[in-house]
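So the chains spell out like this:
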Amino acid sequence: MIPFEQVARDHAASRGSSATREAYLRDLGKWLDHCAATSADPSRPKLADAVAFRDALRAASAPLTVRRVLSSLSAAYGRALAQEVPVVSWNPFHPRVLARPPENLYAKTEVGTEAVALRILQAVDADDSALGRRDAAVLHLLRGTGLRRMSVARLPREGVVEAPSGGMVLRSVTKGGGETRKPLDRKDARALRRYLQVAPESAWVFPSRRNIQQPIDETTINRIVRVWARLADCPHVHPHQFRAAFATDALDVLPLNEVQVFLDHKDPRT
């Protein structure tokens, strides 16, 4: 294993959240794949290599994703320099070296309005195919619980519990690797039950279509939201807008500390 890759993997392993560790490794994998495809040396990259990688990301990913990947790689090279890895002499992804999409345009999450959510849910609820039912369940969970896309993607089958009220209780993984419980009302529970009637037998509520023993990737949830938002003529909608909308609605009826707990935020200012 080349020295830079070892340091980068160690840096990923040092992160406290399992989701963050996995994200760092995915970002590293994208860069290493690019280097392999272009015969670039990730231990001694040229500026042209980093620019070509950034531009390829721009063509395939949202601006905020580009910023995150470049930031992740900058941190890995920064660690290599701090540890004085002999072959690494500079950080090609440092923001003063490689320009990123502007933060002020993408860092804040817009709230998806109730009207937009209803149009998207009405569109997907009309699709009775197996994939349509899956997508409907995903979208209902995003809007009805305020869960992060990671928590929806990794929802275990045993974490779905029927409630006497006709709703459900969901037990899922949080961002820091802990566990959270969320109530699901009758309408959203109905969408989930409808999907579970045709879902593959798996330990996961939403298994990967390639390997049902693995959960779907978070990028699949991005794609589900994007496809149905487009069909409902609601462009520029992404998963976190459902969470922001849920938080906004919750603050109208609940005290701040309860909303903080429900959304699994350590700091109420978030």
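Keep in mind that this is a model prediction, so the values were computed, not measured.

Which residues make up the environment of Pro95, and what values go with them?
Here Pro95 is to be found in the loop between helix H4 (63-82) and helix H5 (103-106). When its relative accessible area of 45% is taken as the criterion, Pro95 is described as partly exposed. A C-alpha to C-alpha distance of 8.0 Å links Pro95 and Ser71, two positions 24 residues apart in sequence. The contact partners of Pro95, leaving out residues within four places of it in the chain, are Ser74 and Arg100.

Explain the confidence of the model for the chain to me, and be specific about the residues and the numbers.
Overall, the predicted model of the chain reaches an average pLDDT of 85, with 89% of residues at or above 70. The lowest-confidence element of the chain is H5, averaging 53 in pLDDT; the highest-confidence one is helix H9 (residues 186-196), averaging 94.

How would you sum up the packing of helix H7 (residues 130-145) against helix H10 (residues 218-231)? Please name residues and give values.
H10 packs onto H7 with a crossing angle of 95 degrees between their chain directions and a minimal axis gap of 10 Å. On the basis of their axis angle, the class for H7 and H10 is roughly perpendicular. Residues Arg134, Asp135, Val138, Leu139 and Leu142 of H7 pack against Thr220, Ile221, Ile224, Val225 and Trp228 of H10. When its residues are assigned to classes, the contact of H7 with H10 shows seven nonpolar, one polar and two charged.

Account for the packing of helix H1 (residues 3-13) against H4, naming residues and giving values.
The contact between H1 and H4 brings their axes to 9 Å, and the two run at 115 degrees. Of the possible angle classes, the one that applies to H1 and H4 is roughly perpendicular. Crossing angle aside, the handedness with which H1 passes H4 is right-handed. Every residue of H4 that contacts H1 at Phe4, Val7, Ala8, Asp10 and His11 is listed here: Ala75, Ala76, Tyr77, Arg79 and Ala80. Looking at side-chain class alone, the contact of H1 with H4 contains seven nonpolar, one polar and two charged residues.

Let's hear about the nonpolar core: which residues, and what values?
Counting 34 residues, the largest nonpolar core has Ile120, Leu139, Leu192 and Phe206 as the members making the most contacts within it. Contributions of two or more residues to this core are made by helix H6 (114-125), H7, helix H8 (149-153), strand E2 (168-173), H9 and H10. It is H7 that provides the largest number of residues to this core, a total of six residues. Those residues in contact with Phe206 that lie beyond four places of it in its chain are Arg134, Ala137, Val138, Leu141, Val152, Ala153, Leu192, Tyr195, Pro215 and Ile216. Within the second largest apolar cluster, 22 residues are counted, among which are Leu28, Cys35, Ala50 and Ala80.

Got a sec to walk through the pairing of E2? Specific residues and values, please.
Direction of pairing for strand E1 (residues 160-162) relative to E2: antiparallel, over a ladder of three bridges. Counterpart to Val161 in the pairing with E2 is Val169. Between E1 and E2, which pair antiparallel one after the other, the connecting turn spans five residues, and Gly166 there sits at a positive phi close to 100 degrees. Here E2 runs beside strand E3 (residues 179-184); their pairing, made up of six bridges, is antiparallel. Of the residues in E3, the one forming a bridge with Ser172 is Thr180.

Tell me about the side chain of Glu5, residues and numbers included.
Here Glu5 lies in helix H1. In this structure Glu5 comes out as buried when scored by relative accessible area, which is 15%. Beyond its immediate sequence surroundings of up to four residues, Glu5 is in contact with Leu28 and Leu32.

Please provide a residue-by-residue account of the side chain of Ser202, values included.
Tracing the chain through its elements places Ser202 in the loop between H9 and H10. Given a relative accessible area of 12%, Ser202 falls into the buried group. Within the local environment of Ser202, its side chain forms a polar contact with the backbone oxygen of Ile212, the two atoms lying 2.5 Å apart. Those residues in contact with Ser202, other than ones at most four positions away along the chain, are Arg157, Pro207 and Ile212.

Calculation criteria
Going along each chain's sequence as written, the residues are numbered from 1 onward. Per-residue local features of the predicted model are confined to residues with pLDDT of at least 70, and side-chain atom pairs are confined, for both listing and counting, to 80 or more; whole-chain, interface and lining totals are unaffected and use all residues. Only hydrogens and water are set aside when side-chain values are computed; all heavy atoms of the structure are taken into account. Here a strand is any run of E in DSSP of at least two residues, a helix any run of H or I of at least four, and the numbering for each starts at the N terminus. Using a 1.4 Å probe on the protein chains alone, a residue whose accessible area is under 20% of its type maximum counts as buried, one over 50% counts as exposed, and one in between counts as partly exposed. Whether two residues touch is decided by their heavy atoms; if any such pair falls within 4.5 Å, the residues are in contact. The predictor rates its confidence in each residue with pLDDT, a number between 0 and 100. Comment: axis = line fitted to C-alpha atoms, over the contacting stretch for helices; angle = value between 0 and 180 degrees taken between N-to-C directions. To sort the angles, those under 35 degrees are grouped as roughly parallel, those over 145 as roughly antiparallel, those from 65 to 115 as roughly perpendicular, and the leftovers as oblique. Each residue receives one of three labels: charged for Asp, Glu, Lys and Arg, nonpolar for Ala, Val, Leu, Ile, Met, Phe, Trp, Tyr, Cys and Pro, and polar for the others, Gly being one of them. Note on convention: the crossing is left-handed when the near helix lies turned anticlockwise from the far helix by less than a right angle, right-handed when the turn is clockwise. In these notes, a set of buried Ala, Val, Leu, Ile, Met, Phe, Trp, Tyr and Cys residues joined through side-chain atoms within 4.5 Å is what counts as a nonpolar core. Two strands pair under a simple rule: DSSP has to find at least two bridges between them. For this analysis, a polar contact is any N or O atom pair within 3.5 Å, provided that within protein one partner can donate a hydrogen and the other can accept it, and provided that sequence-adjacent residues contribute only side-chain to side-chain pairs.

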